[in-house]
Every structure is written in structure tokens, then in C-alpha cells.
Amino acid sequence: MKNKEVAVGDSLESLFSLTPSNCKEIDAMNKKPPFDQIIALTEEQEERLALRQIHISSRALHKMFFMAKEVIRLFNEPLEVYALAVGNSEVIEDILIPRQMCSHTSIHINAKDLLSLMPEIQKQDVNVLGWTHSHANFSVFFSGTDTQNQKTILAETSNFRTLNGSRVKFCYGLTVNIHQDVFGMVSTQFSSGKIYSNQATLEIHSSPNDGVLSDFEEAALSQILRDHIHILKSSSQDFKSEHC
Ligand SMILES: [Zn+2]
């Protein structure tokens, strides 16, 4: 089965430390611990409360499906694509596709390229709620590498929700393919530090025109893919591939 590696390193940390909404969050965190320490939940309560839903607009979902198909059409190869899932509060409203280097077995994104998404994040006034990637024409699931990436994104982003009076941190991960299959994982971190990653159902929020992209939107997304996807034909030391 194909697999890939997304090298995110500390790049999201850098990205987030600069976003205006996150500055507010960091200010708040400096004044009090990142987690609400007052209400301690039992392990059983944590397990029951851990998130099992991903909220996403139909437009963002259509963009993910389009991204999966369009990259293959453009390059005539079964390439995978990586994007950040962004939105306000807890609903994914859009995806942002950084410059990335792809081979058939790996995707590599460097910090500089993630940082180049900053102006768009600021313009949209959104937070990075998680990430998404396509599995080309393969089935959707979370590989070992995907699970590792999810942990990295959770560690390096700062999305909080209140569950049963307790503040928890969360992040979304979605895998899509050209058949419009979706696999979602949501990770929830409680004040105990314990992380629960659950397979998630999708709560799809309506968008204008049922989220169907206009020709203009498709053309714009296609252009971003053309500009941002760079193909690595042969193996290189810059790349780390992992097969499972
Ligand atoms: Zn994957």
C-alpha cells in the first residue's frame, strides 16, 4: 500500500505563533494554564466525551474532492496532495494548499512554504483546525505516517473546545480519494494530557450552491495545484519515504 511522509517539523508552530487569532490564544494561555485544571475528568468520562465528529462545510469538502482528482488530471500520475484544513471555531471552511514536493511515495513540505500561507490565513481570519490529504485512487484510511502527522498537528496547533466544563484541545484529519470517499480522524486532548483519536463521522454544514464549486473556483484551485505541486521523479536524500 502506498504511503507517504509529510514533514511538518516545527513549521506549524512557527506558522501559528504569527497568526493574530493565535496570538490572542497565546495571551490567554500565558494568563492561565492551557487546560482548565478545575474540572478533572475521570478516564471513563474522557473516553465518553472525546470528540467523534468533524464539522466541515460542503464547500470545503468539495474542494478536497476536487483537489484529489485535479492533481491526477494535471500531472497524469496518481499523486497525493496535502493541505491544511482551516476555519473558524470548529467548522472547516476551506483548505489551503502549500507548495509541496511529491513523489509516488512521499510528500515533503518545508517550513518556509507553510509560512507562505500566512497572508491567506490572515486574510480569511481563520485557524488551522487540522489537515487533509488525498490518497489518489486508493482507499481512504490512516496509515502509520498519517497517525504520526495527526499527533504533530495536534501538538502544534491550538484549537480548544469546552466539553462538560473542561477545556480540551482538538484537531481534525481527513483522507479523501478520487471516488469521493472520506476517512476522518479527530483527536482530543484532555487536561490530563491524554489524547484520544477517534474515527469521526462528518457533520456537513451547508454552503451556498450546496458547496458545488463554480468554474471560476475550480480554475483557481487548479492553478494553485499547478503552481504548488512539484514532482520528484527519483528518490532523493531530501525525501524520506516510509512504506507499510
Ligand atoms: Zn494517508
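Thresholds applied
Residues numbered from 1 in each chain as written. Predicted model: local features only at pLDDT ≥ 70, side-chain atom pairs only at ≥ 80, totals over all residues. Core = buried A, V, L, I, M, F, W, Y, C linked by C-beta atoms within 7 Å. Buried ≥ 20, exposed ≤ 12 C-beta atoms within 10 Å, placed from the backbone. Helix = DSSP H or I, 4+ residues; strand = E, 2+ residues; numbered from the N terminus. Pairing = 2+ DSSP bridges.

One finds M67, V81, A83, A85 and I95 to be the most contacted residues of the largest nonpolar core, which totals 46 residues. Contributions of two or more residues to this core are made by β1 (53-57), α4 (58-75), β2 (82-88), β3 (91-96), β6 (127-134), α7 (144-156), β8 (166-176) and β9 (182-189). Ranked by residue count, the leading element in this core is α4, at seven residues.

In the Ramachandran plot, Q180 falls in the positive-phi region, its phi being about 65 degrees despite a non-glycine side chain. Structurally, Q180 is set in the loop between β8 and β9. Residue Q180 is classed as partly exposed on the basis of its C-beta count, with 14 C-beta atoms lying within 10 Å. Even without a glycine there, the phi angle at N209 is positive, about 60 degrees. Counting through the fold element by element, N209 comes out in the loop between β10 (195-205) and α8 (215-228).

In this section: the pairing of β8. Counting buried positions along β8 yields nine of eleven residues, so the element is predominantly enclosed. Here β6 runs beside β8; their pairing, made up of five bridges, is parallel. The partner of W131 across the bridge, within β8, is G173. Two strands pair when backbone bridges link them, and strand β7 (residues 160-163) and β8 are joined in this way by four bridges, in the antiparallel orientation. Within β8, the residue paired with F160 across the bridge is K169. The hairpin turn running from β7 into β8, its antiparallel successor, is two residues long, and N164 in that turn takes a positive phi close to 55 degrees. Inspection of the sheet shows β8 paired to β9 by eight bridges, in the antiparallel sense. Bridge pairing links T175 to F183 in β9. Following β8, the chain reverses through five residues before pairing antiparallel with β9; Q180 in that reversal takes a positive phi of roughly 65 degrees.

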